[in-house]
Amino acid sequence: MEWHQVLAVLGFLYSRWQMCQTNIFLQWAQNEGKMRQKTMQKVAFHVRRMKRLRKRRRASNLMVVMIMSTLYRRQQRAIWVQPRPSTWWEDVSRSWDEVDWQTNFRMTKTSFLHLCDILRPRLTRQHTNFRSPLPVEMRVAICLWRLATNLEYRAISHLFGIGISTACSVTQQVVTAINVVMKPLYIKTPSEAELMVIVQGFRDRWALPQVAGAIDGTHIGIMAPDENSVDYYNRKNVYSVILQGVVDNTMKFWDINVGCPGKVSYAKVLINSSLYSRGENGTLFPGWTERLNNVDVPLHILGDAAYPLLPWLVKPFPEGNGLTQPQVNFNYTLSQARMTVERAFGRLRGRWRCLLKRCDAHISFVSHIISACCVLHNYCETANEEWVDEEPADDVDDFVNSEIGPPANNVEQIRDALCAYLAQ
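Read on for a plain summary of the structure. These figures come from a predicted structure and were not determined experimentally. (Residues numbered from 1 in each chain as written. Predicted model: local features only at pLDDT ≥ 70, side-chain atom pairs only at ≥ 80, totals over all residues. Heavy atoms only, no water.)

1. A closer look at the layout of surface pockets
So, step 1. In this structure, the second largest pocket spans a volume of roughly 320 Å³.
So, step 2. Around the second largest pocket, the lining comprises 16 residues; the ones closest to its centre are Tyr186, Glu194, Ile198, Asp248 and Lys252.
So, step 3. Where the lining of the second largest pocket is concerned, the elements lending two or more residues are helix 7 (164-186), helix 8 (192-206), strand 3 (253-261) and helix 12 (363-382).
So, step 4. A class-by-class count of the residues in the lining of the second largest pocket yields 8 nonpolar, 4 polar and 4 charged. (1 Å grid on protein atoms, 1.4 Å probe; cavity = no way out; pocket = protein on both sides within 12 Å on 5 of 7 lines; lining within 4 Å. Points joined across faces, edges and corners; volume = space filled by probe spheres on them. Helix = DSSP H or I, 4+ residues; strand = E, 2+ residues; numbered from the N terminus. Nonpolar A, V, L, I, M, F, W, Y, C, P; charged D, E, K, R; others polar.)

2. A few points about the side chain of Arg338
So, step 1. Along the chain, Arg338 turns up in helix 11 (residues 325-351).
So, step 2. For Arg338, a relative accessible area of 5% puts it in the buried group. (Buried < 20%, exposed > 50% of the residue type's maximum accessible area, 1.4 Å probe, protein only.)

3. So, unusual backbone geometry
So, step 1. At Gln210, a residue that is not glycine, the phi angle is positive and equals roughly 60°.
So, step 2. Backbone geometry places Asn228, a non-glycine residue, at a positive phi of 55°.
So, step 3. You can see Asn228 is positioned in the loop between strand 1 (211-221) and strand 2 (240-247).

4. Notes on the sheet that holds strand 6 (residues 300-302)
So, step 1. The sheet built from 5 strands is open, its strands ordered 3-2-1-6-7 with mixed pairing. Only two strands of the sheet have a single neighbouring strand rather than two, namely strand 3 and strand 7 (313-314).
So, step 2. As paired strands, strand 1 and strand 2 are joined by 8 bridges and run antiparallel to one another. By the bridge assignment for strand 2, Gly217 is matched with Gln244.
So, step 3. The sheet strands contacting helix 12 are strand 1, strand 2 and strand 3, and the helix crosses strand 3 at an angle near 160°. (Pairing = 2+ DSSP bridges. Contact = heavy atoms within 4.5 Å. Axes fitted to C-alpha atoms, helices over the stretch in contact; angles between N-to-C directions.)

5. Concerning the pairing of strand 3
So, step 1. Strand direction decides the pairing type here: strand 2 and strand 3, joined by 7 bridges, are antiparallel. Bridge assignment links Val241 to a residue of strand 3, and that residue is Pro261.
So, step 2. Linking strand 2 to strand 3, which pair antiparallel, is a turn of 5 residues; within it Met251 sits at a positive phi near 65°.

6. Overview of a positive patch on the surface
So, step 1. A surface patch of like charges, here positive, comprises Lys51, Arg54, Lys55, Arg57 and Arg58.
So, step 2. Along the chain, the position of Arg57 falls in helix 1 (residues 3-71). (Patch = residues over 30% accessible without salt bridge, like charges linked within 9 Å, V, L, I, M, F, W, Y side chains within 5 Å. Areas by Shrake-Rupley, 256 points an atom, 1.4 Å probe, with all protein chains shown as cover. Salt bridge = Lys/Arg side-chain N within 4 Å of Asp/Glu carboxyl O. Lys, Arg positive; Asp, Glu negative; His and termini not counted. Charge placed at Lys NZ, Arg CZ, Asp CG, Glu CD.)

What follows is the structure, encoded as structure tokens:
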């Protein structure tokens, strides 16, 4: 084959190859365009789908919010406090004289205002935008009215123009404040200077030397507790707790023990108290003694037959036909001096009649109320508040075997020396 024929064949093959390459490129470009178009369609589909999902989710969330706001919409309070008339307290604080204050609140208005000043740091409440707090004077008056009358909270709420729950909570707050602020100041073991005054007071009035106080107990009626109620059922067939008190010659308490169940004897109450622990370890009184009939007589308190005979606690000779006349005279004089504590209990109950009647407070709070009443009793006695409507003590002596083992010889000698001293 000649060369020009070969060139013609090669040219034809080259042209066919170029055509094939062009077709392949065009087909690839066409396929690539279709793939890109499909991809764009998928992307657009997903975008539209996500938009629809977001719209549905937003719509559903809005629906949930609307339903929740409809179901749980907090209604706006029309009032914060139920309006009640308080004209009675305003009239009392403005127009009552000292006699009215002493008759109803158990103290003069001057003593009442001083009591408010003592408790003010503890009882002052912060003002808010919603309502103003009760004044301290009204808070103290609510508590005193409750303690002095044992009136139910419903009646107190009507008098003072407050809610029932407010009357209850205010009473608890004031009682707690009295125990926290005033109890360490008004009920405490006498100092040496105070002991000298007390000892001299007993000596001047009853001719008994070395007497630093008189001890006794009294039952305070309560509601039957939910737990261990049988322990509070006393010999008088009522539920009660016991108040043990030691008073000075002016009928002011300088030691109290509150809360023992009414079934417990007075001797057991004494043994379980801190007074007994301090008396036994020699930290209750200074080591002052007075020589009487060759016997060193220490400082002591007076008790009745329900208590044990101890070096720091003297009780009467056992009653019987074998008593000598000096012993009978000693028992009579001791009983007259010991009546100081019974008169203190009578005045305590006369002032704060929540103790005279059944105390309806919860058993966990009864002791706080009794303690607060003892503090207020001392406060009134210190302020020389007169009170003549005393309730006689109705507790009988608990004649049980109160001796804690056989008494020491010097204990009998101390009582004999006191008996001989009175017989002189």
